Amino acid sequence: IKIPFEKIEDEAYLIKEGDKKASMCVTSCNGELNPPFISAKGINYLKGNFDSNELDIFVDTYAKCGTTVGIKMIYKILEANDKISAGSNKDKLNDPWNAVPWIEVDVSQQLLASKSPNDFLSFIEHSNKKKTPRLWKTHAPFINFPVNKIGDNTKILHIIRNPKDVVCSYY
């Protein structure tokens, strides 16, 4: 299947079907397509500058594969051990957009407004000082995993789901 792309900006593409616009715009980073709110600039910034450590816990899934359930489980495990995840919001655990930081989106959006993701850098510095665990969500494939170096004690929960069930969830 050949999907026709029309380049509309530096890294943004529009999927077309004949002369009709068939889909939303997408961005591309290392051959992987992303929704328009994730930029190659944000992913590449993380891959070049962010070293994870023992405080970092990543919930890595393909979309519709259990991200929110995975986040809830990790949050409850941390809570049972009297730990609070930096940046997570207990009142919004049912809201996938606001429960925990989506690392590529946060950095991509901050880099739209300035040359450096200052809020992200402040968040990292603050949680490092307090030794507070950081719970991140990502939908990135390994080629675009949003870190420069994965720390020895970084935890990654990778959730895989039957593709038939994923299609049903999209429906």
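Structure: above.
Model, not experiment: these values are computed from the prediction. (Residues numbered from 1 in each chain as written. Predicted model: local features only at pLDDT ≥ 70, side-chain atom pairs only at ≥ 80, totals over all residues. Heavy atoms only, no water.)

### Focus: the environment of N49
Formally: Under the scheme used here, helices are H or I runs from DSSP no shorter than 4 residues and strands are E runs no shorter than 2 residues, and both carry numbers assigned from the N terminus. Within 3.5 Å is the distance limit for a polar contact, defined as a pair of N or O atoms, with the added protein rule that one can donate a hydrogen and the other accept it, and that residues adjacent in sequence qualify only through two side-chain atoms.
Here N49 shows up in helix α1 (residues 40–49). Between the C-alpha atoms of N49 and P146, which are 97 residues apart in sequence, the distance is 9.5 Å. In this structure the side chain of N49 is engaged in a polar contact, spanning 2.9 Å, whose partner is the backbone oxygen of Y45.

### Quick look at the pattern of salt bridges
Here is the rule: Salt bridge criterion: a side-chain nitrogen from Lys or Arg within 4 Å of a carboxyl oxygen from Asp or Glu. Type-normalised accessible area, obtained with a 1.4 Å probe on protein chains alone, sets the label of each residue: buried when under 20%, exposed when over 50%, and partly exposed for intermediate values.
In total, this model carries 4 salt bridges according to the counting rule given. Salt-bridge contacts for D56 lead to R134; the nearest nitrogen and oxygen are separated by 2.6 Å. Taken together, the positions of D56 in strand β5 (residues 56–61) and R134 in strand β6 (residues 134–138) put the pair 78 residues apart, joining distant regions of the chain. K76 is paired through a salt bridge with E79; the nearest N and O atoms lie 3.1 Å apart. Residue K76 and its partner E79 are located together in helix α2 (residues 67–80), separated by 3 residues, close to a single helical turn. Look at K76 and you get partly exposed, because its relative accessible area is 46%. For E79, a relative accessible area of 26% translates into the label partly exposed. Taken together, the shared-partner salt bridges in this structure form one network comprising K76, E79 and K90.

### Quick notes on the packing of aromatic side chains
What counts here: Ring geometry is summarised as follows: Phe, Tyr and Trp rings, the Trp one being its six-membered ring, pair when their centres sit within 6.5 Å, and such pairs are stacked at plane angles under 30 degrees, edge-to-face over 60 and tilted between the two.
Under the defined criterion, the tally for this structure stands at 6 aromatic pairs. Relative to W102, the ring of F37 lies with its centre 5.7 Å away and its plane at 75 degrees, an arrangement referred to as edge-to-face. Placement of the pair is F37 in the loop between β4 (32–34) and α1 and W102 in the loop between α2 and α3 (103–113), with a sequence separation of 65 residues. By the ring-pair criterion, three or more aromatic residues cluster together here, those being F50, F120, F123 and W136.

### Describing α3
Stated formally: Throughout, a residue-residue contact means that at least one pair of heavy atoms, one from each residue, lies within 4.5 Å.
Listed in full, the buried residues belonging to α3 are I103, E104, V105, V107, S108, Q110 and L111. On its buried face, α3 is in contact with α1, β5, α4 (118–130) and β6.

### Overview of unusual backbone geometry
Unlike most non-glycine residues, K64 shows phi in positive territory, near 70 degrees. Relative to the helices and strands, K64 is located in the loop between β5 and α2. What makes K64 partly exposed here is its relative accessible area of 42%. Phi at K131 is positive, roughly 55 degrees, even though this residue is not glycine. Secondary-structure assignment places K131 in the loop between α4 and β6. Since its relative accessible area comes to 56%, K131 is described here as exposed.

### A closer look at the packing of α3 against α4
Heads up, the rule is: Helix axes use the C-alpha atoms of the stretch in contact, all axes being lines fitted to C-alpha atoms, and the angles between their N-to-C directions lie in the range 0 to 180 degrees. Each angle is binned into one of four classes, with values under 35 degrees roughly parallel, values over 145 roughly antiparallel, values of 65 to 115 roughly perpendicular, and all other values oblique. Charged means Asp, Glu, Lys or Arg here, nonpolar means Ala, Val, Leu, Ile, Met, Phe, Trp, Tyr, Cys or Pro, and polar covers whatever is left, Gly included.
Packing of α3 against α4 leaves a shortest axis separation of 8 Å and a crossing angle of 130 degrees. Our classification of the angle between α3 and α4 gives oblique. Here α3 contributes I103, V107 and Q110 to the contact with α4, which in turn contributes N118, D119 and F120. A breakdown of the residues in the contact of α3 with α4 according to their chemical character gives 3 nonpolar, 2 polar and 1 charged.

### Thoughts on a nonpolar patch on the surface
The condition that has to hold: Put simply, a patch holds well-exposed residues, over 30% relative accessible area, that have no salt bridge, with like charges counted together within 9 Å and Val, Leu, Ile, Met, Phe, Trp or Tyr side chains within 5 Å. The accessible surface values rely on the Shrake-Rupley method and a 1.4 Å probe; as for residues, cover is taken only from the protein chains in view.
Together, F142, I150 and I156 give the surface a local cluster of nonpolar side chains, amounting to about 310 Å² of exposed area. Tracing the backbone through its elements, the reader meets I156 in strand β7 (residues 155–159). Overall, the relative accessible area of 40% leaves I156 in the partly exposed class.

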